[in-house]
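The primary structure of each chain is shown beneath.
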Amino acid sequence: MKKLVSLLLLVCLVLTAVPTLAEDLVPAELPEYLDVYYEGGQKFNVKDQNITLKIAAVYNETNGRDMNDAWITRYIKKHTGITLEWTMIPASAAAEQLTLLMLNQDDMPDIFWGFNMNTATMLKYGDLEGQLLDLTPYINEKTMPALNYIFSIYPEKKASITTPSGAIYCMPRLMSASLQTLNQGYLWEGWLKENGLEMPKTLDELTAVLYAFKEANPDSTPLGGAESYLDPRSYILNAFGFVNQAKGNSVGNSPAISDGKVVIPVMEDKYYDFLKLMNQYYADGIINEEFFTMSQDAVKAQFAAGETLYTGDRATYFMTGTEHPELEGVGNYVPYHSVYPLTSKWNETPAIQGPNPITVGNLCVSTSCKYPEIACALFDWVYTDEGGIYIHSSAMAGEDTLGMYEGWSWNEEKQSFFDPDTATVENGGNGRWSAFYAKNGAVANPTANLRFGNRMGPLEYIHLAANTSINAQYVLCDMPVVVPEETTWDYLTNYAANEDHVVTGFPTIVWLNDDDQMDIDDIKDALNNYIKTEVAKFIVGQRPLNETEWADFQANLKKLGIDTMVRIYTGVYEGYINALKK
């Protein structure tokens, strides 16, 4: 078991060698204090300063507790001398209390934790009011080496949290960039092989295998899913050259990238051809005749009966109670393979938007903070393997648990995380969460991992099915990873299908000022309802698909404000690309 160094050593500020994310971000020479250069180069010993950081924190009213008595607070005090002074705010009062805190200029907290500020709120209190600290000057090798190093590997993450003005107002929560998150669905590869067919890589090839399956199984609907559950239309739209999140644009009413520019797919000429294809699929029974009304249970039942060639999610989700012999048992999960991004006559290059799981707005530093370097250096620890685990699950067995609990460990035989307190602490939650509540306190939403920090896991484990928080525990415990291929076949086929085609798409975090956000909100509901209704009519044939009806559809989109949406989203995308270049 690897000996963990203390928090005090981990937040030191000079890296002498470039580490990998699979290693602790620890320099070769470790000073005995936070080596902070403050106000013009003056260096001082943090432990001698009696520093207090005041934190206003939102807590979960069902399972929360006072963080002033939490393990992590005591641990930080012991090892750095820094006192974290918490003011606990119930989640139901968070919005109101945030406004009051911002009005109280003379007694503003140093840190805002767990308020889940949206981008408009951060722009208001950052760009306009000047009450949130721009963290950009502190994200460097000296003050925040761990986060700075992560951003050097994943520049898209830094660009995502950078405002149009170039500021960064929060420390993000970073999650594993598993290619599973961009999965567009799976095809029954076993059936294809039995019938001498290959996995399709073009839209024409997909259409051919769907029709072959229909011919062999007349009562089937080869392209599984419905509007309400596992809608396959995002997959088809991607073949037309619309790059967007894997399952987030089934109707074509959200921003996507096409030929290097921001578009709303329903406005594009090739969307007309998409509708023609979907109408053909509907008329020929390739999608279900009740596509727009069928339930989730009905979609699952079709899969369980072996009546779909394509499913929008992993086969393992649908195996319980199945009666179809071809689909029973772990050994038969493997015949399903992740679909490839498709090309077509409208799209010569297979491409899919890369995952960028990131959350913002839950740890912000105020401009009233007397020691911003110290606050940033301290919380940078949470972006290391050790800090990410410690703040989430506390210390492992044999480390500094301060006598508050036994400490977690790793069971090599079962390849699982073990926490002796989970069975004895009666504090709500499920499994390990009950121990977590008792040790660290439930700030904001505990199941979202404290809403900031590094939950990415080491790079070599990102593709595994294991929980990302456990991934880092593999490293801290020096434990070998033993994951049977039959339990991770879906992740592995995702890599095989997608790894060479991942591109940067429209940003997952959209920075809008109040005026732009208001315009989007005013337009979105009416526009989306109209699009959803009319697209369904075109597909099922209730509305004829001809030049006259298409022109009328486009005219109504413009009346409802779709051009304004494109203009706003284009500005967002341009800001994101500019941030990527820096």
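Parameters and conventions
- Residues numbered from 1 in each chain as written.
- Predicted model: local features only at pLDDT ≥ 70, side-chain atom pairs only at ≥ 80, totals over all residues.
- Heavy atoms only, no water.
- 1 Å grid on protein atoms, 1.4 Å probe; cavity = no way out; pocket = protein on both sides within 12 Å on 5 of 7 lines; lining within 4 Å.
- Points joined across faces, edges and corners; volume = space filled by probe spheres on them.
- Helix = DSSP H or I, 4+ residues; strand = E, 2+ residues; numbered from the N terminus.
- Nonpolar A, V, L, I, M, F, W, Y, C, P; charged D, E, K, R; others polar.
- Pairing = 2+ DSSP bridges.
- Expected span 1.5 Å × (residues − 1).
- Contact = heavy atoms within 4.5 Å.
- Axes fitted to C-alpha atoms, helices over the stretch in contact; angles between N-to-C directions.
- Buried < 20%, exposed > 50% of the residue type's maximum accessible area, 1.4 Å probe, protein only.
- Phe/Tyr/Trp six-rings, centres within 6.5 Å; stacked < 30°, edge-to-face > 60°.
- Lys NZ or Arg CZ within 6 Å of the ring centre and 35° of its normal.
- Salt bridge = Lys/Arg side-chain N within 4 Å of Asp/Glu carboxyl O.
- pLDDT = per-residue confidence, 0-100.

## Looking at the layout of surface pockets
- Space inside the largest pocket adds up to approximately 400 Å³.
- Lining of the largest pocket is provided by 21 residues; of these, Pro255, Phe506, Thr508, Val510 and Tyr569 occupy positions nearest its centre.
- Mapped by element, the contributors of at least two residues to the lining of the largest pocket are α4 (119-128) and α17 (514-540).
- For the lining of the largest pocket, the leading source of residues is α17, giving four residues.
- Split by residue class, the lining of the largest pocket holds nine nonpolar, ten polar and two charged.

## With respect to the pairing of strand β3 (residues 52-59)
- Note that β3 and strand β4 (residues 83-90) share eight bridges and pair parallel. Looking at the pairing, Tyr59 lines up with Pro90 of β4.
- Judged from the three bridges that link them, β3 and strand β5 (residues 111-113) form a sheet pairing that is parallel. Pairing of Ala57 across the sheet is with Trp113, part of β5.

## Observations concerning helix α10 (residues 269-283)
- Across its 15 residues, α10 extends 22 Å between first and last C-alpha, which sits within 8% of the 21 Å expected from 1.5 Å per residue.
- On its buried side, α10 packs onto α8 (203-216), α9 (233-239), β8 (256-258), α17 and α18 (547-559).
- Downstream of α10 by one or two residues, Gly285 has phi in the positive range, about 75°.

## Some thoughts on the sheet that holds strand β10 (residues 310-311)
- With respect to topology, three strands assemble into an open sheet ordered β10-β7-β11, the strand pairing being antiparallel. At either margin of the open sheet sits one strand with a lone partner, and together these are β10 and β11 (336-338).
- Strand direction decides the pairing type here: strand β7 (residues 186-188) and β10, joined by two bridges, are antiparallel. Directly across from Tyr186, in β10, lies its bridge partner Thr311.
- Sitting on the sheet, helix α16 (residues 489-498) is in contact with β7 and β11, with an inclination near 45° to β11.

## Brief notes about the sheet that holds β4
- What the four strands build is an open sheet, ordered β4-β3-β5-β14; its pairing is mixed. Among the strands making up the open sheet, the edge pair consists of β4 and β14 (363-365). Looking at each pair of strands side by side, their axes are set apart by 20° on average, direction ignored.
- With respect to the sheet, helix α3 (residues 94-103) is in contact with β3, β4 and β5, its orientation differing from that of β4 by roughly 130°.

## Looking at α16
- Among the ten residues in α16, seven count as buried, and that is most of the element.
- Three or more residues of α16 are buried, namely Trp489, Asp490, Tyr491, Thr493, Asn494, Ala497 and Asn498.
- For α16, the secondary structure elements touched by its buried residues are β7, β11, β12 (352-353) and β18 (502-503).

## Focus on the packing of aromatic side chains
- Applying the stated criterion across every chain, the model contains 21 aromatic pairs.
- Taking 5.9 Å as the distance between ring centres and 10° as the angle between the ring planes, the aromatic pair formed by Trp188 and Tyr336 counts as stacked. Of this pair, Trp188 sits in strand β7 while Tyr336 is found in strand β11, placing the two residues 148 residues apart along the sequence.
- With centroids separated by 5.4 Å and ring planes inclined at 75°, the aromatic side chains of Tyr272 and Trp550 adopt a geometry described as edge-to-face. Of the two residues, Tyr272 sits in helix α10 while Trp550 sits in helix α18, which places them 278 residues apart along the sequence.
- According to the relative accessible area criterion, Trp550 is buried, its value standing at 10%.
- An aromatic cluster of at least three residues, connected via ring pairs, comprises Phe240, Tyr271, Tyr272, Phe274, Trp346, Tyr530, Phe538, Trp550 and Phe553.
- If you follow Lys157 out to its NZ or CZ, it ends over the ring of Tyr154, 5.6 Å from the centre.
- Above the ring of Phe242, the side-chain terminus of Lys270 is found at 4.7 Å from the ring centroid.

## As for the pattern of salt bridges
- Under the criterion given, the structure shown has eleven salt bridges.
- Among the salt bridges present, the one from Glu227 reaches Arg233, with a minimum N-O distance of 3.6 Å.
- Between Asp231 and Arg233 there is a salt bridge whose closest N-O contact spans 2.7 Å. Here Asp231 and Arg233 have matching classes, each one buried.
- Shared partners join several salt bridges into a network, and the residues in it are Glu534, Lys537, Arg543, Glu549 and Asp552.

## Let's talk about the confidence of the model for the protein chain
- Taken residue by residue, the protein chain gives an average pLDDT of 80. The fraction at 70 or more is 74%.
- The model gives residues 445-449 a pLDDT under 50, and that stretch makes 14 contacts with residues more than four places away or in other chains.
- pLDDT under 50 marks residues 458-470. Its contacts with residues more than four places away, or in other chains, come to 44 contacts.

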